[in-house]
Amino acid sequence: MWWKYLTGAAMAGVIVAAFMLPAPQIQIGDASRIFFFHVPAALAGFVAFVVAAVYGAVYLKTRNLVADRRAAASAEVGLTFSTIALISGAIFANVTWGVFWNWDPRETTLLAVLLVYAAYFALRQAVGHPSTRARLSAVYILLGGVAAPFLFFVLPRMYVSLHPRDTLVSGGGEFAMTLPVGLTFGAAMVTYVLLYLWLFQLADRAGRIKEELDYQREHVL
Amino acid sequence: MSSNYMVMIVTLISWAGLFLYLLKVERQLKKRERQ
């Protein structure tokens, strides 16, 4: 439980540091502070999809429905974080490019990721039998996990994009941020992953209670 | 007060609200799990 309070305190610290430090990008100014929230949200979403794929693989190997429930819980949280990244990115795009949406490769691939995982939940809703649903979902989420690194990291770099790409490391491979900005950014990344772990745990526990209630409804009542 | 501080305070209050809500969900789940 202690690490949940740590997450709360760390997030408050990140928020204060993000607004008190000089803006990370001088030309853009204060709007560039969104960087401390947008990038960690995208990272947490990616971590969530990788964890979901791992649980999908665990289900296919063990046929344990707990792994299926955890894959769904992780994908659910990942979808939330990716939506936050997409919306915050669109706001930042409006400030820097003048439009919320212009089908930039980064925007488009993140939207594709969202659609892939939204379809995962549509698939889960469409199949009634628990073990058939778990098997099909596990195969799908595993394929999604293979596609996600390409959609997050590879495809956006293959096309000309207006999205900043040398934010962390300069073109010469050197660390591009000042130390306070780098530390705040690192703390934000860790804090968002902790928040993901907390939400994942809550979603998994809620899923277990729901399964028990469904079982009682079908077999006891 | 600059708009930067205003946004910081609004963000902090929003986070505090979300954090307290998550703690409440945590307590409710614990209660359910004991039943």
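Here we look at the overall build of chain A
A tally of helices and strands in chain A yields six helices and zero strands. Going residue by residue from the N terminus, the α and β elements of chain A occur as α-α-α-α-α-α. For the C-alpha atoms alone, the extent of chain A along its principal axes is close to 65 × 40 × 30 Å. In chain A, which comprises 221 residues, the proportion classed as buried is 33%. Taking the contacts inside chain A whose residues are at least 6 apart along the sequence as the reference set, 75% of them involve residues at least 24 apart.

Details of the nonpolar core
Residues and elements named next belong to chain A. Counting residues in each nonpolar core, the largest one holds 49 residues, and the members touching the most others are Ala48, Ala52, Ala71, Ala75 and Tyr196. Where this core is concerned, the elements lending two or more residues are α1 (2–20), α2 (35–62), α3 (65–96), α4 (105–126), α5 (130–158) and α6 (179–219). The greatest single-element share of this core, amounting to 15 residues, is contributed by α2. The contact partners of Ala48, leaving out residues within four places of it in the chain, are Ser74, Ala75, Val77, Gly78, Phe81, Tyr196 and Phe200.

Structural notes on the confidence of the model for chain A
Per-residue confidence for chain A gives a mean pLDDT of 87; residues scoring 70 or more make up 90%. Within chain A, the element-level pLDDT minimum falls on α5(A), averaging 84, and the maximum on α2(A), averaging 94.

Brief notes about the confidence of the model for chain B
Within chain B, residue pLDDT values average 91, and 97% of them lie at 70 or more. The ipTM value of the predicted complex is 0.92, and its pTM value is 0.88.

Side note on α4(A)
Structurally, the α-helix is built with 3.6 residues per turn, so residues lying three or four positions apart point the same way. A rise of 1.5 Å per residue sets the reference length of α4(A), with its 22 residues, at 32 Å; its end C-alpha atoms lie 31 Å apart and thus fit the reference within 8%. Listing the buried residues of α4(A) in full gives Arg106(A), Glu107(A), Thr109(A), Leu110(A), Val113(A), Tyr117(A) and Tyr120(A).

Description of unusual backbone geometry
Peptide bonds are, in most cases, trans, and in most cases residues other than glycine have a negative phi. Residues and elements named next belong to chain A. A positive phi angle, near 60°, is found at Arg63, a position not held by glycine. Relative to the helices and strands, Arg63 resides in the loop between α2 and α3. Its identity as a non-glycine residue notwithstanding, Trp103 has a phi of 55°, on the positive side. C-beta crowding within 10 Å serves as the criterion here: with 8 such atoms nearby, Trp103 is assigned to the exposed category.

Reading the values: the criteria
Residues numbered from 1 in each chain as written. Chains lettered and ligands numbered in written order. Predicted model: local features only at pLDDT ≥ 70, side-chain atom pairs only at ≥ 80, totals over all residues. Helix = DSSP H or I, 4+ residues; strand = E, 2+ residues; numbered from the N terminus. Buried ≥ 20, exposed ≤ 12 C-beta atoms within 10 Å, placed from the backbone. Contact = placed C-beta atoms within 7 Å. Core = buried A, V, L, I, M, F, W, Y, C linked by C-beta atoms within 7 Å. pLDDT = per-residue confidence, 0-100. Expected span 1.5 Å × (residues − 1).

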